[in-house]
Amino acid sequence: MNHIQRTNYKVNETIAEKSVEQSIHMDIHLPEYCGDISRVLHCFAFANISSSSLSQEKIQIEGNVLVRVLYMSEGELFSYEQSAPFSTVIEHGCDDIGAVADVSTYVQYVNCRAASSRKFEVSGAFAVVAKLSACREASVVAGIEQEDIQTEMDLLSACSASGNAAATVSVAQVVDIGSDKVPMKSIIRTTAVPVLIETKQVSGKMLVKGELKLKTLYKSENNVVEYIENSLPLSQILDIEGMDETSTTDIKLTLISLDVTMKPSALGNMSLLDIQASVYMQACAYDCIDFPVLKDAYSTEYDCECSFKEVSVDRIVTTLEKNYLHNFTVGQLGDVNTVVDVWCEPRKLKADLENGQLVFSGTLSVYILYEDGTGTLSLKESESEYRVSESIGDVCKIKCQPSVSITGCDYRIQETGLEVRADMRVRAVVFECMSQRVIDDITLSETTLKKSSSLFIYYAVKGEKLWDIARKYKTTVSKIMAENDVSQESIPENKALLIWG
C-alpha cells in the first residue's frame, strides 16, 4: 500500500558473550624486610582490567593480577603482595563496527603453599568475560492514511546507547597517620573502593566526580594492629560523542591498581603512607524515544490481510547508585578470644523481579582475623547471604547487570556471636524488556465488502473492547459509541449494543 507510514527506531542487541579462562602461576620470593614463613593464613587474588581494545574480529584485553598472602612468622603477622600483568584475546567473530564491549573478571580459585621459608608458590584461575552489544536500526508501520482503514495504535519506548567513553584516572597522595598514633612497622593490607559522588553533563561532555575510599590495616612498632581510613578525590572530564543533557548515563568506576607503602616523616619514623592508585572510569549514554506502532487494522470497505511481527525493545526503568546496610551475625566463634579485624568481599550479584520488587541477592565472604586464648593469630572464614530490594512498579521482565562493592565494615562481639554490619553500594541500570505484536504490512483486495443495511443487536459483556466489536462488524468505534451513548472504549458493564451492518 502506498499510504503506509513507517517510522525508524533503534534498539540495543547483545550480539556475543564469550569468556576465556586465565591461569595464575606465581612464585613469590620474600624480600629481606619480611620475616620467614611459619604458617600461611590465607591467600587472596584480584584480577583487574586496565584496558580493552575492540577490533572487527577480536577483543584485546590487558590487565593485572594481584596476589596478597597473609602469613605468620614466629608469632608475628606479615602480609606481602605481588602483581603480574596479563594479556588475552577473545575472538568474537562479529563484524559490526559499531559494537561496544563490556569486559569484566572474576576469580575462580586461588591456592598458595610455602615452598620454603622464603618462597610462596601460588596457583589459581580467573575468568575474563566479554559482552558485545550493538545498536540496530529497525522500522515499523506507524500509520495508514486511507479513509476506510481503521487503526489501533500503541506507543512503545526504546532506549539505545548513543555514546560511550573511558579514561584512566591516576591519584597520588602522601598522608600522615597522625601524631596520636604509634609509627608503623609493617602494612598488613589495604582495601580501596572507588565511589561515584556526582556527574554533570552537557552536550558531548561529562564531568565525573568521585572518591577513593581506603582502609589500611597496619602493625605498629609496638606490635599492635591498627588501621587508618582515608579518602582521595577523583575527577575527570569524559568526551562522549552523541550524549546531550537529556541522556541517561551509566557510570562505572573500577580500581585497576593500588600501591600503598610506608614512608618516613621528617622525624625519621614511619608515620606516612604513600598512596598511588589508578581508577578506570567508563561511561555509557542512553537516549530513549517514544514511537507509535500499529497493533491492528481493518478496512470498512474491503477485505484486507495483515502480516504481523514481534517487536522487542528495552527501556530504562531506573538507574541505581545506592547504599544498603547488611547486618548479620557470625556464630560459633570457637577459639576466638580477641577480634583483630573483620572484612567482607562480595561474590557475584544477581537481580530478580519479585512481585513488583527489584531484588538484589548474593553472598558475602567474611574474613575474621583474630587471636585465640594463647595469643596466636589466625584467620576464620564465613559466609553471609544478603537480599536488598527496591520498588520498581508494574514491570513484567527486566534486564540488569548489577555490581556491588563493600565501602565499610563494622563489628562487635556479643553473646550470640560476632555482629557484623557491612556497608554495601549497589550500582545498576535496570531495563524493562517489552515485546509487542505489531503490523508489518497490510494488503487490500480489489473487491469491496458485501454489506447489508441490517440492524444488529450485540450483547456485550463487561470489559469487552469496542475495537473488537467494530472489527467484527466492519464498522467504526466512533459509530458504535455515538449510536449507543458509550463514552469508554471498553464496556463498563453488560450491555446490549445496536450496530448497523
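That block above? That's the structure.
Every chain begins its residue count from 1, and numbering advances along the sequence as written. Local features are withheld for residues below a pLDDT of 70 in this predicted model, meaning they are given only at 70 or higher, and side-chain atom pairs are given and counted only at 80 or more; totals for whole chains, interfaces and linings count all residues. The side-chain quantities take in all heavy atoms of the structure and omit both hydrogens and water.

Participant: Lay out the nonpolar core in plain terms, naming residues and giving numbers.
Facilitator: Grouped together as the largest cluster of nonpolar side chains are 33 residues, with contacts concentrated most on C344 and F360. Strands here mean DSSP runs of E at least two residues long; helices mean DSSP runs of H or I at least four residues long; both are numbered from the N terminus. If you list the elements that add at least two residues to this core, you get β13 (302–330), β14 (338–346), β16 (357–371), β17 (377–391), β18 (398–400), β19 (403–414) and β20 (417–448). With seven residues, β20 is the single largest residue contributor to this core. Whether two residues are in contact is decided by their heavy atoms, any of which lying within 4.5 Å being enough. The residues contacting C344, other than those within four sequence positions of it, are F328, L364, S365, V366, I406, C409, V420 and A422. What makes a nonpolar core is a set of buried Ala, Val, Leu, Ile, Met, Phe, Trp, Tyr and Cys residues whose side-chain atoms join them at distances within 4.5 Å. Partly exposed residues are those whose accessible area sits between 20% and 50% of the maximum for their type, while under 20% is buried and over 50% is exposed, using a 1.4 Å probe and protein chains only.

Participant: Can you explain the packing of helix α1 (residues 466–473) against helix α2 (residues 477–484)? Please cite residues and give values.
Facilitator: Only the contacting stretch of a helix is used when fitting its axis, a line to C-alpha atoms as for every element, and angles between N-to-C directions run 0 to 180 degrees. Running from N to C, α1 and α2 point in directions that differ by 105°, and their axes come no closer than 9 Å. Between α1 and α2, the angle falls in the class roughly perpendicular. Residues L466, W467, I469 and A470 of α1 pack against V477, I480 and M481 of α2. In this classification, Asp, Glu, Lys and Arg are treated as charged, Ala, Val, Leu, Ile, Met, Phe, Trp, Tyr, Cys and Pro as nonpolar, and every other residue, Gly included, as polar. When its residues are assigned to classes, the contact of α1 with α2 shows seven nonpolar, no polar and no charged. Comment on the angle field: the value is read as roughly parallel under 35 degrees, roughly antiparallel over 145, roughly perpendicular from 65 to 115, and oblique elsewhere.

Participant: Before we move on, could you go through the environment of A277 and cite the residues and values that matter?
Facilitator: Mapping A277 onto the fold places it in strand β12 (residues 270–299). When its relative accessible area of 4% is taken as the criterion, A277 is described as buried. When the C-alpha positions of A277 and L369 are compared, they lie 26 Å apart, and in sequence the two are 92 residues distant. Apart from residues no more than four positions distant in its own chain, A277 is found in contact with V169, S170, V171, L212, L255, S257 and L258.

Participant: Any details on the state of the cysteines? Residues and values, ideally.
Facilitator: Throughout, disulfides are identified as pairs of cysteine sulfur atoms within 2.5 Å of each other. Under the criterion given, the structure shown has one disulfide. The partner cysteine of C159 in its disulfide is C288, sulfur to sulfur 1.8 Å. Because the sign of the S-S torsion sets the handedness, a value of about 100° for the bond joining C159 and C288 places this disulfide among the right-handed ones. Residue C159 is located in strand β7 (residues 149–176), and its partner C288 is located in strand β12; the two are separated by 129 residues in the primary sequence. Relative accessible area serves as the criterion here: at 2%, C159 is assigned to the buried category. Its relative accessible area of 39% is what places C288 among the partly exposed residues.

Participant: Describe α1, listing the residues and the values that go with them.
Facilitator: Restricting attention to buried positions, one finds in α1 the residues L466, W467, I469, A470 and Y473. Along the long axis of α1, the arc covered by the buried residues comes to 165°, so they all point the same way. Buried residues along α1 sit against β7, β12, β21 (455–460), α2 and β22 (495–500). The arc in question is the one spanned by the directions pointing from the helix axis to the C-beta atoms.

Participant: I'd like a rundown of the sheet that holds strand β4 (residues 76–91), residues and numbers included.
Facilitator: Across the sheet, three strands lie side by side as β2-β3-β4; this open sheet has antiparallel pairing. Sheet topology places β2 (39–54) and β4 at the edges, where each strand pairs with a single neighbour. On average, adjacent strands in this sheet sit at an angle of 15° to one another, irrespective of strand direction. Strand pairing is assigned whenever DSSP detects at least two bridges linking the two strands. Looking at chain direction, β2 and strand β3 (residues 58–73) are connected through 14 bridges and run antiparallel. By the bridge assignment, S51 is partnered in β3 with E62.

Participant: Before we move on, could you go through the pattern of salt bridges and cite the residues and values that matter?
Facilitator: Close approach of charged atoms lets side chains of opposite charge pair. Whenever a carboxyl oxygen of Asp or Glu lies within 4 Å of a side-chain nitrogen of Lys or Arg, that contact is scored as a salt bridge. The full count for this structure, using the stated rule, is 27 salt bridges. The closest approach of N and O atoms between E321 and R425, which form a salt bridge, is 3.1 Å. Taken together, the positions of E321 in strand β13 and R425 in strand β20 put the pair 104 residues apart, joining distant regions of the chain. Since its relative accessible area comes to 30%, E321 is described here as partly exposed. In this structure, K322 and E390 form a salt bridge, with 2.5 Å as the shortest nitrogen-oxygen distance. Taken together, the residues span a long stretch of sequence, with K322 in strand β13 and E390 in strand β17 at a distance of 68 residues.

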